[in-house]
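Below are the chains, spelled out letter by letter.
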Amino acid sequence: MNNKNNNNDLSSEKIAKALKGAGLSVEERIVTATEAWSNNQLFFPNKDDFLFEWLCTALTKTKVKSPTECAAYQIAYWRLFRQLLAHYTERAENTRKQPPAIRVQLITAITTLLNHLKTITNENMAKNILLELYECVKLLLSPTFGLSYRPTFEQMSTTVDQLMDTLTLFIDKQYSMIVDSLLPLSSVLLRRYVTQLVQTANQRKSFTTIIDKMFVKILCVRRRTVNVAHEKVLAQTISDEVTDILVKALFHPDVVLEYTSVLKKDQQSTTQQQSITKNKTSYVSKLFEELGQLLENKNDQELVLDALDILPVLFDNFVQAFRKKRGNTASQDIDRQVEFGFFTECRNLLDKLNASAPYVQTLSKLLQILVQLNVYVARNDELSQQQSAVLDGITETMIHLLKDQNKRAYQGCIFELANTILKVDFSLIEGRVSILWPYMLNPEKEAENHCLDLAMAVLQTYAASRQMESYVDDLITGLQGLAFEDVYIILEKPLFSRQFMDE
């Protein structure tokens, strides 16, 4: 009996020496370790702790001469790591005994593997190792290991940056299978990251980390993941999570008031030629600079669309964060200036582009938020007059686009913009209704639904202000000035539909 125990002791000692010595290859070591873990007959005191410590150390040895020598690239290492993590999780649930402390920077192994994934051409191989990695990270970052392992904010930033880089690559290549496989892992990492982001003491550092290192990649993942992934629900979740990271980093309570010095200025001096992005009084101006560079990109239209897609989201969340920090709802002139100043800067950024359907749609969304959050209030004071001048310029742009024959392909977007301007302030449209009538009476086929919405809104506005006589006069004038050969074509248009007539 004693001889048997001695043999087992000797076997466990040999295993320990084999794993920590230089005699075995990377592949041979993990085979030996896995066999040791699976052999319940082997007498090996504290086998779990020994293998766990050895495995953590092996995974973090990423500076190697050849990829074949890197344990983090081997799926077998992650498989055994998952088994050990599950073992400690089950033990903690049954005995409340904490897992052992992890004394190495294990997050670097995750970062290394995410970078290595970009070189894998076999999608099934990438999918399988990502599945193991996801299970490992899910357990490692769970509350069970909360006291055992705490990666720093800087380490998590590096990992998330690499995750965004890898995701962006596979999104660009349209590798749907790998993108789908990355999504569960992404969700775990992003949830942990946003928690640490809001808790870090240096919020300026958080801001600059996102803007300088991740901003472009985050915008790509946010908008394009849903288009590439088959798992649409999870892809939307990832999009929401990266949006949450942006919002919390850019508009944290310790950051949001920094925008005051950038945005508080005379609205009349804020023009296309003099953008407030040139105001260097605060580091937050970097946000507008980065957006401007993306919108000026002539080589990659997708980057432009990424930037356009985020503008209304940024405006919406800035106003809400600013009001929450200030403790009021834009009741003071300085608040009105700052909130409208963010809108104006978004408008100035848009003016870096040639007019297009995405341009018009983004401008319309910005105005919708302006209305929803009551950012602009028509008052008889100088500030309101300055802001009204900005809005009047937008209205003139809308009219110009409507008249442009080259823009008829997206006439519906222009009608939607006009409808939104109407909601902002009827006085912006009132003096230009006669210009709108010919286009509302004879819209493009694809624009008929938006045309009907605009016509109904105009009708309701006139009715509410008891100006129906003026409305009818304008309508008749519009009909008289309309040139057409076939009256029946006009009678099929939205303004002669039963729905509009009933209204």
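Residue numbers here run from 1 along each chain, matching the order of that chain's written sequence. Restriction of local features to residues with pLDDT of at least 70 applies here, the model being predicted, together with a cutoff of 80 or more for giving and counting side-chain atom pairs; totals for whole chains, interfaces and linings are based on all residues. Think of the side-chain values as coming from all heavy atoms in the structure, minus any hydrogens and water.

## Focus: the overall build of the chain
If you tally the helices and strands in the chain, you get 23 helices and zero strands. Every residue pair with non-hydrogen atoms within 4.5 Å of one another is taken to be in contact. Taking all contacts inside the chain whose residues are at least 6 apart in sequence as the whole, residues at least 24 apart take part in 75%. As presented, the chain carries roughly 24000 Å² of accessible surface, and 47% of it is formed by carbon and sulfur atoms. Strands here mean DSSP runs of E at least two residues long; helices mean DSSP runs of H or I at least four residues long; both are numbered from the N terminus. Methods summary: accessible areas were calculated by the Shrake-Rupley approach with a probe of 1.4 Å, and residue burial reflects only the protein chains presented.

## A short note on the pattern of salt bridges
Each reported salt bridge corresponds to a side-chain nitrogen of Lys or Arg within 4 Å of a carboxyl oxygen of Asp or Glu. Using the criterion set out here, one finds 27 salt bridges in the structure. With a closest N to O distance of 3.3 Å, Glu 13 and Lys 17 form a salt bridge. Residue Glu 13 and its partner Lys 17 are located together in helix 1 (residues 2–20), separated by four residues, close to a single helical turn. Looking at Lys 17, the relative accessible area reads 58%, which means it is exposed. One salt bridge connects Glu 132 with Arg 82, and the closest N-O pair in it is separated by 2.6 Å. With Glu 132 in helix 6 (residues 123–140) and Arg 82 in helix 4 (residues 75–95), this residue pair connects regions lying 50 residues apart in the sequence. The class of Arg 82 is partly exposed, set by a relative accessible area of 24%. In this scheme, a residue with accessible area under 20% of its type's maximum is buried, one over 50% is exposed, and one in between is partly exposed, where area comes from a 1.4 Å probe on protein chains only.

## As for unusual backbone geometry
Despite not being glycine, Gln 174 shows a phi value in the positive range, around 60°. Here Gln 174 falls in the exposed class, since its relative accessible area comes to 53%.

## Remarks on helix 10 (residues 232–250)
Compared with the 27 Å implied by 1.5 Å per residue over 19 residues, the 27 Å span of helix 10 between its first and last C-alpha is a close match. Within helix 10 the residues assigned to the buried category are Ala 235, Ile 238, Ser 239, Glu 241, Val 242, Thr 243, Ile 245, Leu 246, Val 247, Ala 249 and Leu 250. Buried-residue contacts for helix 10 involve helix 7 (153–172), helix 8 (176–199), helix 9 (203–228), helix 11 (259–263), helix 12 (285–295) and helix 13 (301–326). The span one expects for a helix is its residue count, reduced by one, times 1.5 Å.

## Topic: the packing of helix 7 against helix 8
Helix 8 packs onto helix 7 with a crossing angle of 150° between their chain directions and a minimal axis gap of 10 Å. By the angle between their axes, helix 7 is roughly antiparallel relative to helix 8. The two elements helix 7 and helix 8 meet at a crossing, and its hand is left-handed. Here helix 7 contributes Phe 153, Met 156, Ser 157, Thr 159, Val 160, Leu 163, Met 164, Thr 166, Leu 167, Phe 170 and Ile 171 to the contact with helix 8, which in turn contributes Ile 178, Val 179, Leu 182, Ser 186, Leu 189, Leu 190, Arg 192, Tyr 193, Gln 196 and Leu 197. Only the contacting stretch of a helix is used when fitting its axis, a line to C-alpha atoms as for every element, and angles between N-to-C directions run 0 to 180 degrees. Here the angle decides the label: under 35 degrees means roughly parallel, over 145 means roughly antiparallel, 65 to 115 means roughly perpendicular, and every other value means oblique. Handedness of a helix crossing follows the sense of rotation of the near helix relative to the far helix, less than a right angle counterclockwise being left-handed and clockwise being right-handed.

## Looking at the packing of aromatic side chains
Pairs were defined over the aromatic rings of Phe, Tyr and Trp, the Trp ring being its six-membered one, requiring ring centres within 6.5 Å. Orientation was assigned from the angle between planes: stacked under 30 degrees, edge-to-face over 60, tilted for the rest. Applying the stated criterion across every chain yields a total of 21 aromatic pairs. Consider the rings of Phe 52 and Phe 81, whose centres lie 5.7 Å apart with planes at 15°: the pair is stacked. Residue Phe 52 is located in helix 3 (residues 47–59), and its partner Phe 81 is located in helix 4; the two are separated by 29 residues in the primary sequence. A relative accessible area of 2% means that Phe 52 is categorised as buried. By relative accessible area, Phe 81 is classed as buried at 0%. Their ring planes at 5° and their centres at 5.5 Å tell us that Phe 153 and Tyr 193 sit as a pair that is stacked. One end of the pair, Phe 153, is in helix 7; the other, Tyr 193, is in helix 8, and 40 residues separate them in sequence. On the basis of relative accessible area, Phe 153 is assigned to the buried category, the value being 7%. Judged by its relative accessible area of 0%, Tyr 193 falls in the buried class.

## Some details on the confidence of the model for the chain
pLDDT runs from 0 to 100 and stands for how confident the predictor is about each residue. Averaged over all residues, the pLDDT of the chain is 87; the fraction at 70 or higher stands at 86%. The secondary structure element of the chain with the lowest average pLDDT is helix 22 (residues 487–491), at 58, and the one with the highest is helix 10, at 97. This stretch, residues 1–10, has a pLDDT under 50; its non-local contacts, to residues over four places away or in other chains, come to four contacts. Low pLDDT, under 50, characterises residues 266–279; the predicted model gives this stretch 35 contacts beyond four residues in sequence or across chains.

## Concerning the environment of Ile 129
For Ile 129, the position within the fold is in helix 6. The exposure class assigned to Ile 129 is buried, which follows from its relative accessible area of 4%. Residues Ile 129 and Tyr 73, 56 residues apart in the sequence, show an inter-C-alpha distance of 8.6 Å. Contact partners of Ile 129, with chain neighbours within four places excluded, come to Tyr 73, Gln 74, Ile 75, Trp 78, Leu 113 and Leu 117.

## Points about the packing of helix 16 (residues 382–403) against helix 17 (residues 411–424)
The axes of two packed helices give the description: the angle between them and the distance between them. Packing of helix 16 against helix 17 leaves a shortest axis separation of 10 Å and a crossing angle of 155°. Taken together, the axes of helix 16 and helix 17 are roughly antiparallel relative to one another. In this structure, helix 16 meets helix 17 at a crossing whose hand is left-handed. From helix 16, Leu 391, Ile 394, Thr 395, Met 398, Leu 401 and Leu 402 reach across to helix 17, where they touch Gln 411, Ile 414, Phe 415, Leu 417, Ala 418, Ile 421 and Val 424. Note that Gly is not counted as nonpolar here; it falls among the polar residues with everything else outside the nonpolar set of Ala, Val, Leu, Ile, Met, Phe, Trp, Tyr, Cys and Pro and the charged set of Asp, Glu, Lys and Arg. Class assignment of the residues belonging to the contact of helix 16 with helix 17 gives a composition of eleven nonpolar, two polar and no charged.

## Here's the deal with the side chain of Lys 47
By the secondary structure assignment, Lys 47 is in helix 3. For the purpose of charge, His is not counted, nor are the chain termini; Lys and Arg are scored as positive and Asp and Glu as negative. Buried Lys 47, no salt bridge; nearest opposite-charge side chain is Asp 48, N-O distance 8.6 Å. In terms of polar contacts, Lys 47 uses its side chain to reach the backbone carbonyl oxygen of Ala 36, at 2.9 Å. Setting aside residues up to four positions removed in sequence, Lys 47 forms contacts with Ala 36, Trp 37 and Asn 39. Any N or O atom pair separated by 3.5 Å or less is treated as a polar contact, with the protein-specific requirement of one donor-capable and one acceptor-capable atom, and with residues adjacent in sequence counted only for side-chain atom pairs.

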